[in-house]
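Each chain is listed here by its residues.
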Amino acid sequence: MVEPRHHAPGIHDERSLRLALRASAGMPVLSGPPIELGGRRFIDGGVAELVPLRTAFEQGATHVVALRTRRHGELPRPPMRLERHIVSRYLHAHAPGAVGAWHGRYAAAQAEERLLAEHPTVVQVRPAADGPRVLRTSRSAARLRATVALGEQAAEQLLGAWLA
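Residues numbered from 1 in each chain as written. Predicted model: local features only at pLDDT ≥ 70, side-chain atom pairs only at ≥ 80, totals over all residues. Heavy atoms only, no water.

A. Region of interest: the nonpolar core. If you look at the biggest cluster of nonpolar residues, it comprises 9 residues: Ile43, Val47, Val87, Tyr90, Leu91, Ala95, Ala98, Val99 and Trp102. Put simply, the parts of the chain that give this core at least two residues each are α3 (81-94) and α4 (99-103). A total of 3 residues in this core trace back to one element, the largest contributor, which is α3. In contact with Trp102, other than residues within four places in its own chain, are Val47, Pro79, Glu83, Arg84, Val87, Ser88 and Leu91. Leu53, Val64, Leu116 and Val122 belong to the second-largest nonpolar core, a separate cluster that totals 6 residues. (Core = buried A, V, L, I, M, F, W, Y, C linked by side-chain atoms within 4.5 Å. Buried < 20%, exposed > 50% of the residue type's maximum accessible area, 1.4 Å probe, protein only. Helix = DSSP H or I, 4+ residues; strand = E, 2+ residues; numbered from the N terminus. Contact = heavy atoms within 4.5 Å.)

So, in structure tokens, the structure goes:
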């Protein structure tokens, strides 16, 4: 058995791994309260870092394949006023440590986009420009399945030579 290089505090069995995965998809307001794991509370890391590129490089990655949900040319937008209000109140009540990251999220997303576009060892797999637009709150199973299939096709096209 290969020992993991980085220990993940709080993850020690299947149940805690499932909780960690659930926390990694824990979008504020939409998914309920933060997930408690190892005595700490967690929400989706995308609140602070939409594409964890900086984290990957800080942890020693030399090359990154970023699987994107946004089509080419589709850039992150600042949250609408109502969204800012609701999410800010939610975070103040349930995850006060994430408030600063939430407020800096748009500026951080713009910096991430520049780094993704300019870094020589980053490859992005994106949906086709004419593919369906999937909003953050999309719930249509058919649309999500179709989008996943398009993503698989894009990944195969881009990475197929390496995978053969």
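Here the narrative resumes, following the displayed structure.
B. Quick look at the confidence of the model for the protein chain. With 94% of its residues at a pLDDT of at least 70, the protein chain reaches an overall mean of 84. Confidence scores differ between elements of the protein chain, with helix α6 (residues 141-163) showing the lowest mean pLDDT of 82 and α3 the highest of 92. (pLDDT = per-residue confidence, 0-100.)

C. Region of the structure containing helix α5 (residues 105-118). Look at α5: 20 Å from first C-alpha to last across 14 residues, which is about the 20 Å you get at 1.5 Å a residue. Along α5, the residues that are buried comprise Arg105, Ala109, Glu112, Glu113 and Leu116. Buried residues of α5 fall within an arc of 105° about the axis and therefore sit on the same side. (Expected span 1.5 Å × (residues − 1). Arc of directions from axis to C-beta.)

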